[in-house]
Amino acid sequence: MRKVQDIRRYQGFFSMTLLCMLLLYGPLIIVMIYSFNDSPSIIRWEGFSLRWYYEVFFGLEAPKFKKAAFNSFSIAIMAATTATIIAVAAAVGMIRGGQFRAKTASFALLSLPLMVPEIVTAVATLIFFSTIGFVAGYATILVAHIVFCIPFAYLPIAARLENISSIYEEAAMDLYASRAQAFFRVLMPLMLPGIISGFLLAFVISLDDFIITNFVKGAGVETLPTAIFGAVKQGIKPDIMAISSLLLFLSIVFVTFSWFASRIGMKHS
Amino acid sequence: MKKTLTFLSTICLLLGAGTALSAGKLSIYHWFEYIPQELLDKFASQHDVEVTMDTFDSNEALLAALKGGKLGSYDVAVPGDYMVEILHNEGMLDTIADGELKNKGNILPQWVDVSFDPGRIHSIPYQWGSTSFTVNRDDYQGDIRTTDLIFNPPAELSGKINVLDSQGEVLALASIHLGIEQCTNDREKLKQLNELVQGAKPHWASFISDGAKDVLVSGEAAVGMIWNGFSAKARAENPSLEYSYPKEGYVVWMDNVVLLKDAPNRENALKFMDFLLEPENAAAVTNFAQYTAGVANVGDLLDPEIVASPELNPPSDAPAGQFVQVCKEETQVLYDAIWTNLKK
Amino acid sequence: MSNPPHGVFAPIRHWLLLPSWLTIGFLMVSPVLIMLVYSFLTKEFRGGVIWEFTFAAYDQFFIDRGLFGDEPPQIEWTYINIFWRSTWQAGLATLLCLFIGFPTAYYIATRPASTRNIWVFLITIPYWVNLLIRTVSMKFLIRDNGPINAWLLQTGLITEPISLINTPIAVQLGLFYSYLPFMVLPLYAAIERFDFSLSEAAADLYAHRWYTLWHIIIPNIKAGIIAGCILVFIPSLGAFLAPDLLGGAKNFMIGSLIEEQFKGTAGNWPFGAAASMILLTAVLLVMMLHARNQKIDAAHQGH
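Residues numbered from 1 in each chain as written. Chains lettered and ligands numbered in written order. Predicted model: local features only at pLDDT ≥ 70, side-chain atom pairs only at ≥ 80, totals over all residues. Heavy atoms only, no water.

### Some words on the overall build of chain C
Threshold: In this description a helix means any DSSP run of H or I spanning at least four residues, a strand means any run of E spanning at least two, and both kinds are numbered starting from the N terminus. Here the globule rule is a power law, 2.2 Å times the number of residues to the power 0.38, and the radius of gyration is based on C-alpha atoms. We call two residues in contact whenever any of their non-hydrogen atoms come within 4.5 Å of each other. Here the accessible surface of atoms and residues is derived via Shrake-Rupley with a 1.4 Å probe, and residues count as covered only by protein chains that are part of the display. His is not counted here, nor are the chain ends, while Lys and Arg score as positive and Asp and Glu score as negative. By convention, the charge on Lys lies at NZ, on Arg at CZ, on Asp at CG and on Glu at CD.
Summing up its helical and strand segments, chain C has 13 helices and four strands in all. The C-alpha radius of gyration of chain C comes to 24 Å, more than 25% above the 19 Å expected for a compact globule of 303 residues. In terms of its C-alpha atoms, chain C occupies a principal-axis envelope of roughly 75 × 75 × 35 Å. At a minimum sequence separation of 6, the contacts of chain C that also span at least 24 residues come to 63%. As presented, chain C carries roughly 13700 Å² of accessible surface, and 67% of it is formed by carbon and sulfur atoms. Computing the positive centroid from 17 side-chain charges and the negative centroid from 17, chain C places the two 8 Å apart.

As structure tokens, this is what we get:
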């Protein structure tokens, strides 16, 4: 055992790992630290303060940020919910559907939003909405988000379902359950960790999206990322760092939940 | 159960998003960092209107957005002089009938019969100012009153210049630098103009409008094209910045509030225009953006420091500024080509 | 037990798949097709489109007819260069990510199960954290008056701030930083599945450690390496935020070129659609090449 350890070890890989972590976390941590800086200029450190967080919630621009936050969260909840429902159905169809002709094509279709570069999706969606006369606004953002959330919801759900044996639903059917009962009473509870994980990932993806939202948003509708982008273009200000830190914190919370949801599920099976 | 809850909350949110709390709405398309939030809040509470504002950073971006399907979703926009004329030619402006604006009389006489909107039937004056450039005096101590600093910069400034991402103003300033007219069909002159900007481009670090102040304040740019009031705001954050009124000339402009065609809230748009014509409110914009209002009787309401600022008071030997001109289609396509060629 | 051909849900599989077919088909496939049509439409003066068929957008992309459009046609290198530069930058970002990501993934995969999960979790978080915020923090960090320069100045290591912002190097750094987690995760998954008894066997045959890495481990996890490279390369190729926020509108990449046609001042939708089609074609080519390689590999393994 000792020998295996030695063979697997490579000089310098640990320092590279530390460097990688430093690269990934360094900028985020520094922004978080500076969001507590008690100075209107972001350059000098003038002591710890929560004033920029106060500014975000109660300052002059607070209504704008609150509205953007409301848009972001309501869109994320609706888009993630819809995408999750579609993804659950698709996962059952794909993984419990046996072999069928359209399977490869269906999989390609489901992963299409992951493969097309975001900017291309954004352009195509904008042109599409404009051609069919769908006026840009809140609804256009929601519809666009549902589409790209589907694969992110699908992947953890499908992964979970693959690990659940089909004997459960078959046993339910043998006991004269209807197909709907077999799904809602038996299979879905087993899939739940995967569903939660998929929902949370779709939620985070929707919450974070900038490029597509920026293209399809309508007059006067901002989400947090587009509001942050607009503000950052005029210079990085401390309140933007505070709001970024908040969003960062939220993403971390959701990803952590998603992570544990999927892992608790794994232990069960 | 969980799903039912999610579903219910979704419905609630959907309903919540659909119903506005205020009686009416007003949708504004405005330049960035130009109007104080307090003033919008004041209008909102005075008229019980929900105000939303999107921002743009160049006249051309405004035009592109309206052409790209945003017409019909905004009530008012704030284009510069030449863009008012273009928007009018494109049929994108609504007409304000006689008597619809009760404060129309507050417009300063010299801004009533303007060439881009004679008699002010589509627009009201907002603020006016100039476009030139600002220099960080820590980086450059020489003579700054020449457009050479942008188009033919000394070696020490090369790579430290920011230019506005604004076709009209950049090409107008370049024409002023060359001493040629703005809408020329003369091939040789156009080639000269093209060569000038192409030759200057390697010296330019960036094309930034919305961050024009930030790049100067932070020291990323030593020279930056900028509007005079925005430069005054930059100077407040970094005292070594100095706005230049070049001897060759500079661009002047007047921004205007226009009533857009197919405005969803035409009534509120007119109320807003009336609101902005009140001296008190026009002065509030000036005190914020530090340009000059086009409304009478604002004098006593202005911050004296702004009125006396070097950005708003050209030196006595400075030439008069030039407005950006609207060219005919066959000429404009050539200027468009020069700009596309420059930006690519 | 594997899935039986006639399971409980097999008879209604088409109904189950229908919502996803409809959503993605209607809102993803048809928009791309309409975009294709758009790329052949005529641009109106001052923006907007006229429904008249033309090759003008592709002509503008590939052919230079001089400033006034009357010179003999030549190849237009500008946009090809932008694509080439984007490809090059995306490729370099991929290599950098591989260079840092491989040792990291390898190190994590060879940790004992208890600590391994913590490491994977630490890598997962940045994977999901808002790209905009990560790019903004990079911008903040490397500004002329940002914390790094301030610190270097304070320590006396430099006397003038290092000017990184608005340079291709900043864009490169941004791309690398943006997509680094995308590289580590698939690499990790591949290395974790690697059977280390092979390394042991190599060591028993007196193979040098680095020889083993190069000739035993890397060929065996090739699929993971390729997957990681694709996950970094494709989003880097179409990146918008990094060139826009870190490159200052002069260090154009494809993404910024496309954005400029729609959100910026250009207002040339057909040209933007054409550039998007060209980008999409390039990406699909990479994916197809990847799929073909996988098939070839599978065939080899079948022997």
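### Observations concerning the interface of chain C and chain A
In many analyses, interface size is given as the accessible surface area lost on bringing the parts together. The cut-off we apply is this: The buried area of a pairing is the accessible area, by a 1.4 Å probe, that goes missing from both parts when the two are put together, added over both. Here, a salt bridge means any side-chain nitrogen of Lys or Arg that lies within 4 Å of a carboxyl oxygen of Asp or Glu. N or O atoms within 3.5 Å of each other form a polar contact, as long as, within protein, one can give a hydrogen and the other can take it, and as long as residues adjacent in sequence are counted only when both atoms are side-chain atoms.
Contact with chain C, which involves 94 residues of that partner, is made by 96 residues of chain A. Surface buried jointly by chain C and chain A totals about 9000 Å² across both partners, of which 79% is contributed by carbon and sulfur atoms. Sorting the residues of chain C by area buried against chain A places Phe9(C), Trp128(C) and Phe140(C) first, and these three jointly supply 9% of that buried surface. For the pair chain C and chain A, the number of links is one salt bridge. For Lys233(A), the salt bridge identified is with Asp244(C), shortest N-O distance 2.7 Å. Along the contact surface separating chain C from chain A lie 10 residue pairs in polar contact (both at pLDDT 80 or more).

### Some points on the packing of aromatic side chains
Going by this rule: Geometry of aromatic contacts follows a simple scheme: Phe, Tyr and Trp rings, the Trp one being its six-membered ring, pair when their centres are within 6.5 Å, and the pair is stacked under 30 degrees between planes, edge-to-face over 60, tilted otherwise. Relative accessibility decides the category of a residue: with a 1.4 Å probe and only protein chains considered, values under 20% of the type maximum give buried, values over 50% give exposed, and everything between is partly exposed. Two conditions define a charge located above a ring, namely a distance within 6 Å from the ring centre to NZ of Lys or CZ of Arg, and an angle within 35 degrees of the ring normal.
Tallying each qualifying case throughout the model produces 63 aromatic pairs over all chains. Their ring planes at 75° and their centres at 5.0 Å tell us that Trp253(B) and Tyr291(B) sit as a pair that is edge-to-face. In this pair, Trp253(B) sits in strand β11 (residues 251-259) while Tyr291(B) sits in the loop between α11 (279-289) and β12 (292-293), placing the two residues 38 residues apart along the sequence. Each member of the pair, Trp253(B) as well as Tyr291(B), is classed as buried. Between the NZ or CZ atom of Lys64(A) and the centre of the ring of Phe65(A), over which it lies, the distance is 5.8 Å. Arg134(C) extends its terminal NZ or CZ atom over the ring of Tyr177(C), reaching a point 5.3 Å from the ring centre.

### Side note on the side chain of Gln127(B)
By secondary structure assignment, the location of Gln127(B) is in strand β6 (residues 123-136). Only 3.4 Å separates the side chain of Gln127(B) from the backbone oxygen of Ala282(B), close enough to count as a polar contact.

### Digging into helix α6 (residues 147-155) of chain C
Among the residues of α6(C), those classed as buried are Pro147(C), Asn149(C) and Leu152(C). Looking at the packing, one finds that the buried side of α6(C) touches α2 (13-34) of chain A together with α5 (131-142) of chain C. At the C-terminal side of α6(C), Gly156(C) shows a positive phi close to 80°.

### As for a nonpolar patch on the surface
All names here are of chain A. Going by this rule: Like charges are joined within 9 Å and nonpolar side chains (Val, Leu, Ile, Met, Phe, Trp, Tyr) within 5 Å, but only among residues with over 30% relative accessible area and no salt bridge; these make up the patches.
On the surface, Ile29, Ile33, Trp45, Phe48 and Leu50 cluster together into a nonpolar patch covering about 530 Å² of accessible area. By the secondary structure assignment, Ile33 is in helix α2. Classification of Ile33 by relative accessible area gives partly exposed; the value is 43%.

### Regarding the packing of α2(A) against α5(C)
The following threshold applies: Lines fitted to C-alpha atoms define the axes here, with helix axes fitted over just the stretch in contact, and angles between the N-to-C directions of these axes take values from 0 to 180 degrees. Orientation labels follow simple angle bins: below 35 degrees gives roughly parallel, above 145 gives roughly antiparallel, 65 to 115 gives roughly perpendicular, and whatever is left gives oblique. By the convention adopted, Pro, Cys, Tyr, Trp, Phe, Met, Ile, Leu, Val and Ala count as nonpolar, Lys, Arg, Asp and Glu as charged, and the other residues, Gly among them, as polar.
As a packed pair, α2(A) and α5(C) sit with axes 9 Å apart at the nearest point and diverge in direction by 75°. By the criterion of interaxial angle, the relationship of α2(A) to α5(C) is roughly perpendicular. Along its contact with α2(A), which presents Leu24(A), Pro27(A), Leu28(A), Ile30(A), Val31(A) and Tyr34(A), the element α5(C) presents Arg134(C), Ser137(C), Met138(C), Phe140(C) and Leu141(C). Split by residue class, the contact of α2(A) with α5(C) holds nine nonpolar, one polar and one charged.

### Considering the environment of Pro315(B)
Tracing the sequence through the fold places Pro315(B) in the loop between α12 (304-307) and α13 (329-343). Taking C-alpha positions, Pro315(B) is 30 Å from His30(B), a pair spaced 285 residues apart along the chain.

### Side note on the interface of chain C and chain B
The interface of chain C with chain B comprises 27 residues on the first partner and 40 residues on the second. With both sides pooled, the region where chain C packs onto chain B buries about 2700 Å², and carbon together with sulfur makes up 56% of that total. Of all residues in chain C, Arg46(C), Leu67(C) and Phe68(C) give up the largest surface area on contact with chain B, accounting jointly for 29% of the area buried on that side. Joining chain C to chain B, the criterion identifies four salt bridges. In this structure, the salt-bridge partner of Glu90(B) is Arg46(C), at a minimum N-O distance of 3.9 Å. Each residue belonging to the side of chain C that touches chain B can be placed in one class, and the counts come to eight nonpolar, 10 polar and nine charged.

### Overview of the pattern of salt bridges
Residue and element names in this part refer to chain C. What the rule picks out here adds up to 24 salt bridges over all chains. Of the charged contacts in the structure, one is a salt bridge between Arg116 and Glu192, with a shortest N-O distance of 2.9 Å. On the criterion of sequence distance, the pair formed by Arg116 in helix α4 (residues 113-128) and Glu192 in helix α7 (residues 168-193) is long-range, its members being 76 residues apart. Take Arg116: its relative accessible area is 18%, and that puts it in the buried class.

### Concerning the side chain of Asn214(A)
Note on placement: Asn214(A) falls in helix α10 (residues 211-216). Asn214(A) gets classed as buried once you look at its relative accessible area, which sits at 9%. Ignoring anything within four residues of it in the chain, the contact list for Asn214(A) reads Thr226(A), Glu259(C) and Lys263(C).

### A look at the state of the cysteines
Heads up, the condition is: When two cysteine sulfur atoms lie within 2.5 Å, the pair is treated as a disulfide.
By the definition in use, this model includes one disulfide over all chains. Here Cys183(B) is linked by a disulfide to Cys327(B), with a sulfur-sulfur distance of 2.0 Å. One disulfide, between Cys183(B) and Cys327(B), carries an S-S torsion of -80° and so falls in the left-handed class. Here the residue Cys183(B) occupies a position in the loop between α6 (167-178) and α7 (187-200), and Cys327(B) occupies one in the loop between α12 and α13, the gap between them amounting to 144 residues. Residue classification places Cys327(B) among the buried positions, given a relative accessible area of 9%. The thiol of Cys229(C) is unpaired, and the distance to the nearest cysteine sulfur, on Cys97(C), comes to 8.9 Å.

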